[in-house]
Amino acid sequence: MHNSAISLLVDSAPQHSNWQLTPTELSKVIGDLAYHSMLVEVNLTPKPGLVDVTSNGSHSDMDITTFEKSADAIKPYLAQFVRAGYEHKLEDLSSLLIHLRPIGISCERQMFIATDGINTHKGMIFSLGLVCGVVGWLAGNNRSIYSEAISESVALMTRGITQKELELNQSAAVSSGEKLYQDHGLTGIRGEAESGYATIIKHGLPSYEKAINLGHSHEQALWQSLLSLMSINSDTNVVARGGLEGLFYVQTYSRRLISQGGSSNSNIEALLVEFDEQLIQRNISPGGSADLLAVTWLLAQINTLQISLLQ
């Protein structure tokens, strides 16, 4: 059942095309794709340590219904991120983040209302907001819209964010991310953004696109991408629950599955279920890699679209 859910989600997303869009249409198309990316991620089943159709993973306070409510609450804001990027097209990328932040704060507030205070998508809002905002900015400046251009633009927009928000706050850490930076030097989602999501561009996206080009199913491509991300990503969600030892375990286990054929292994679903059971026992959830998987899928879809803007 979950496999057909992924197919339906992917099939209902905007398909390969050469489109001329108005700014409003662009905001809707990209916003809808970003919304789809959240649903594709949570519906992928099985996923080790993560909420999916059949398992709550290592979470006792949330399930797939919680994620669906959260995604529905976030959806209207995704188009707003795109529109903000377009509306501030004449400004330098370094100032765009200032305009995206208020939208993100409002979006996060609605997420918490929808989930009764449960943090389902905070990191996802941050990353999807950056990507959507940059797409609007690129379109407004008649730039080509594809993964590498988005990556470079996000890196420019967020330059210095790690130092500003983590290094300069070391004396009074309040967030989990700040504490993990103090204790282990992990930069988390801010570091990913400042790198232009290098983990996605170098690992997650090539794994996904290679699998699709080889004719593998959507599920196989997503599993391969997730394993690739988990094998590399210094996931602060994992470290917060399982320490550096937990991170080493997740990365090593993921690399072993990849060495055994990854999603091409005919027994991959059973292997992932076993991985899920191991992470549940250790109370580990690779939520950071799940966020990166959604962004990976979004970038992969954008790469199949040829979009130009009707000014």
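Procedures and definitions
Residues numbered from 1 in each chain as written. Predicted model: local features only at pLDDT ≥ 70, side-chain atom pairs only at ≥ 80, totals over all residues. Heavy atoms only, no water. Helix = DSSP H or I, 4+ residues; strand = E, 2+ residues; numbered from the N terminus. Expected span 1.5 Å × (residues − 1). Buried < 20%, exposed > 50% of the residue type's maximum accessible area, 1.4 Å probe, protein only. Arc of directions from axis to C-beta. Contact = heavy atoms within 4.5 Å. Core = buried A, V, L, I, M, F, W, Y, C linked by side-chain atoms within 4.5 Å. Salt bridge = Lys/Arg side-chain N within 4 Å of Asp/Glu carboxyl O. Phe/Tyr/Trp six-rings, centres within 6.5 Å; stacked < 30°, edge-to-face > 60°.

> For helix α13 (residues 268–281), give the residues involved together with the corresponding values.
Counted at 1.5 Å a residue, the expected span for α13 with its 14 residues is 20 Å, and the 20 Å between its end C-alpha atoms agrees. Of all the residues in α13, the buried ones are Ile 268, Leu 271, Leu 272, Phe 275, Asp 276 and Leu 279. Seen end-on, α13 carries its buried residues on one side only, within an arc spanning 145°. Buried residues along α13 sit in contact with α11 (218–232) and α12 (236–259). With its phi angle positive at about 60°, Asn 283 sits one or two positions after the end of α13.

> I'd like a rundown of the nonpolar core, residues and numbers included.
In terms of nonpolar packing, the biggest core is built from 83 residues, with Leu 26, Ile 30 and Ile 150 touching the most fellow members. In terms of residue count, helix α5 (residues 122–140) provides more of this core than any other element does, 11 residues in total. Apart from the residues lying within four places of it in its own chain, the contact partners of Leu 26 are Leu 21, Val 82, Val 135, Gly 136, Ala 139, Ile 307 and Leu 309. By size, the runner-up hydrophobic cluster in this structure holds 6 residues, among which are Val 51, Met 62, Ile 64 and Ile 118.

> Any chance you could break down the pattern of salt bridges for me, citing the residues and the numbers?
Side chains carrying opposite charge are able to pair once their charged atoms draw close together. This model, assessed by the stated rule, comprises 4 salt bridges. Among the salt bridges present, the one from Lys 28 reaches Asp 32, with a minimum N-O distance of 2.7 Å. One end of the pair, Lys 28, and the other, Asp 32, are both in helix α2 (residues 23–43), 4 residues apart, so they sit about a helical turn from each other. With a closest N to O distance of 3.8 Å, Lys 47 and Glu 41 form a salt bridge. For Lys 47, a relative accessible area of 0% gives the class buried. Take Glu 41: its relative accessible area is 4%, and that puts it in the buried class.

> Which residues make up the packing of aromatic side chains, and what are the values?
What describes a pair of aromatic rings is the distance from one ring centre to the other and the angle between the planes of the rings. Inspection of every chain in the model, using the stated rule, returns 2 aromatic pairs. Summarising the aromatic geometry, the rings of Tyr 249 and Tyr 253 are spaced 5.6 Å apart at their centres and angled 65° between planes, so their arrangement reads as edge-to-face. Taken as a pair, Tyr 249 and Tyr 253 lie in helix α12 at a separation of 4 residues, close to a single helical turn. Ring centres of Tyr 253 and Phe 275 lie 4.0 Å apart, and the angle between their planes is 5°; this geometry places the pair in the stacked category.

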